[in-house]
Amino acid sequence: MHGGTHPSSGDSAAMTCASSLGELTDFESVVRCYERTIFGFVLASLRDRDAAETLTQDCFFRAYRSRRDFRGDSSVKTWLMRIAVNLVRDHASSERLKFWRQTKRFDIDLVAAAERIADGRESPEAVVAASEKVGAVWRAARGLSQRQRTVLLLRFVQDMDILEIAAATGMKEGTVKVHLFRALQAVRQRIEAVR
Amino acid sequence: MNEHLSRDQVLEWLMGARTPEWEAHVRTCGECAKGIESVAGPLRLFSAAVNDLSSGVRVSMKNGEPRNYWRLAYWPVVVVAAVLLIFAALPKHRDRPQPLPADPAISDEALLQHVEYEVGESVPGPMEPLARLMNQESDTGRSR
């Protein structure tokens with residue numbers, strides 16, 4: 001989808017999945033293709049593993065029920081992501097207190113995951129630096145508005161382009177660009193602060 | 001294009017807006033490539049960390065369709081609601097004044113007294129002419 005130095009989702013399974021209308025006939029394969037993708041987005045948005053599992057399940061259940069309404073205007077991934085974005089928005093607004101209570105634990109998990117990924121390939125100093133940078137990205141994302149965070153995650157965790165993000169969120173293309181630009185400014189500011 | 005990418009252009013590059021001139025420049029300019037990588041690298045690692053945390057997740061399926069967690073939770077919710085309703089209704093039921101248990105001895109005695117009273121009561125006023133007539137007839141019969 002994106003080349004060059006652009007970050008990729010790292011989910012190779014999703015990249016090989018078909019994305020056309022025809023694949024909806026075998027819904028279980030759709031689920032297996034995209035369950036990690038949807039879960040990753042919901043987890044990074046809510047920072048609550050239990051809620052992310054429930055919402056991922058709910059996302060696929062809703063998709064299954066409305067699969068006949070899917071006309072193929074967008075890819076299956078974008079269609080699923082639109083359902084997930086709506087679920088996250090509803091959940092975050094209804095459980096604001098719980099939402100913030102989960103923050104600390106997820107921060108620790110995320111930094112540990114970053115260390116696991118960097119470990120073995122880098123020097124100990126580089127591993128620490130890598131985890132600090134991931135922490136900086138995360139702190140920046142935490143400080144963003146929900147819309148800014150959503151477009152940031154869709155772009156850099158889900159590897160979606162501007163038009164796909166617009167389709168998934170219901171925002172206009174220009175609005176997506178503005179939110180993404182501001183989100184990136186905040187991320188760069190945080191990264192530069194840890195150097 | 002020989003000019004370096006500005007800080008805003010670096011962010012636009014990351015957003016996916018790339019002109020052929022920018023791409024040609026970045027290919028040959030280590031400084032711009034480094035500027036892009038300084039933001040793209042941590043974002044890539046962040047994405048990999050989120051994906052790492054997503055491993056092992058499994059959506060529950062039944063007969064080729066995703067299970068509905070809400071439907072699974074339906075019966076426990078109904079049972080809990082029923083129990084709560086019962087407990088909510090109990091205090092009201094307990095607070096209602098109950099009739100005192102009747103003492104069999106007292107009630108039998110009271111019933112007998114009532115019967116005796118009813119039987120022993122004099123003839124009511126409106127029935128008195130009829131009672132007198134009956135007495136007269138019985139007296140006449142006796143004198144014959």
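Just so you know, these numbers come straight off a predicted model, no measurement behind them.

What counts, and where the lines are drawn
Residues numbered from 1 in each chain as written. Chains lettered and ligands numbered in written order. Predicted model: local features only at pLDDT ≥ 70, side-chain atom pairs only at ≥ 80, totals over all residues. Helix = DSSP H or I, 4+ residues; strand = E, 2+ residues; numbered from the N terminus. Buried ≥ 20, exposed ≤ 12 C-beta atoms within 10 Å, placed from the backbone. Contact = placed C-beta atoms within 7 Å. Core = buried A, V, L, I, M, F, W, Y, C linked by C-beta atoms within 7 Å. Expected span 1.5 Å × (residues − 1). pLDDT = per-residue confidence, 0-100. Nonpolar A, V, L, I, M, F, W, Y, C, P; charged D, E, K, R; others polar. Axes fitted to C-alpha atoms, helices over the stretch in contact; angles between N-to-C directions. Parallel < 35°, antiparallel > 145°, perpendicular 65-115°, else oblique.

Visitor: Mind showing me how you'd approach the overall build of chain A here?
Guide: Of the regular secondary structure elements, chain A holds 10 helices and 0 strands. Moving toward the C terminus, one meets the helices and strands of chain A in the order α-α-α-α-α-α-α-α-α-α. Put simply, chain A has 195 residues, and 46% of those count as buried. Residue pairs at least 24 apart in sequence account for 64% of intrachain contacts in chain A once pairs closer than 6 positions are excluded.

Visitor: So what exactly am I meant to see when it comes to the overall build of chain B here?
Guide: Of the regular secondary structure elements, chain B holds 7 helices and 2 strands. Moving toward the C terminus, one meets the helices and strands of chain B in the order α-α-α-β-β-α-α-α-α. Here chain B holds 144 residues, and the buried ones make up 17% of them.

Visitor: Help me understand the nonpolar core, please; the structure alone is not making it clear to me.
Guide: Soluble globular proteins: nonpolar side chains tend toward being buried together. Of all hydrophobic cores here, the largest spans 75 residues; its most connected members are Val42, Leu80, Ala84, Ala114, Val134 and Val137 of chain A together with Ala49 of chain B. Ranked by residues supplied to this core, first place goes to helix α2 (residues 27-46) of chain A with 11 residues. For Ala49 of chain B, the contacting residues outside a window of four places in its chain are Leu110, Ala113, Ala114, Ile117 and Val134 of chain A.

Visitor: How should I be thinking about helix α10 (residues 173-194) of chain A in this particular structure?
Guide: For an α-helix, 3.6 residues make a turn, and residues three or four places apart therefore share a direction. Compared with an ideal rise of 1.5 Å per residue, which puts 22 residues at 32 Å, α10 of chain A spans 32 Å between its outermost C-alpha atoms and is within 8% of the ideal. Along α10 of chain A, the residues that are buried comprise Val176, His179, Leu180, Ala183, Leu184, Val187, Arg188, Arg190 and Ile191 of chain A. For α10 of chain A, the elements touching its buried residues are α7 (124-143), α8 (146-156) and α9 (162-169) of chain A together with α1 (7-15) and α3 (30-54) of chain B.

Visitor: What am I meant to see in the confidence of the model for chain A here?
Guide: Detail in the predicted coordinates should be disregarded across regions flagged by low pLDDT. Across chain A, the average pLDDT comes to 83, with 81% of residues at 70 or higher. Considering only residues more than four positions removed or in separate chains, one finds that residues 1-15 of chain A, a stretch of pLDDT under 50, has 33 contacts.

Visitor: Looking at this structure, I do not really get the interface of chain A and chain B. What am I missing?
Guide: The accessible area lost on association of the parts is a frequent measure of interface size. With 48 residues of chain A in contact, the opposing surface of chain B contributes 34 residues. Elements represented by at least two residues in the side of chain A that touches chain B include exactly α2, α3 (49-65), α6 (103-118), α7 and α10 of chain A. With 9 residues, the single largest contributor to the side of chain A that touches chain B is α2 of chain A. Of the residues belonging to the side of chain A that touches chain B, the class tally is 26 nonpolar, 10 polar and 12 charged.

Visitor: What is the right way to look at α8 of chain A in this model?
Guide: In terms of burial, α8 of chain A is a largely internal element, 9 of the 11 residues being buried. Buried residues of α8 of chain A: Gln148, Arg149, Thr150, Val151, Leu152, Leu153, Leu154, Arg155 and Phe156 of chain A, and no others. In this fold, the buried residues of α8 of chain A make contact with α2, α4 (76-94), α7, α9 and α10 of chain A together with α3 of chain B.

Visitor: So what exactly am I meant to see when it comes to the environment of Arg139 of chain A here?
Guide: Residue and element names in this part refer to chain A. As for its placement among the helices and strands, Arg139 is situated in helix α7. You can call Arg139 partly exposed: it has 16 C-beta atoms within 10 Å. Between the alpha carbons of Arg139 and Leu87 there is a distance of 23 Å; along the sequence they are 52 residues apart.

Visitor: Help me understand the packing of α8 of chain A against α10 of chain A, please; the structure alone is not making it clear to me.
Guide: For any two helices packed against each other, the geometry is given by the interaxial angle and the distance between the axes. Residue and element names in this part refer to chain A. Contact geometry of α8 with α10 gives a least axis separation of 8 Å together with a crossing angle of 85°. The angle between α8 and α10 falls in the class roughly perpendicular. Contacts between α8 and α10 involve Arg147, Gln148, Val151, Leu152 and Arg155 from the first element and Val176, His179, Leu180, Arg182 and Ala183 from the second.

Visitor: Even after reading the chapter, I still don't get unusual backbone geometry, so can you show me in this structure?
Guide: Residues and elements named next belong to chain A. Even without a glycine there, the phi angle at Arg47 is positive, about 60°. With 23 C-beta atoms packed within 10 Å, Arg47 lands in the buried category. Backbone geometry places Asp159, a non-glycine residue, at a positive phi of 60°.

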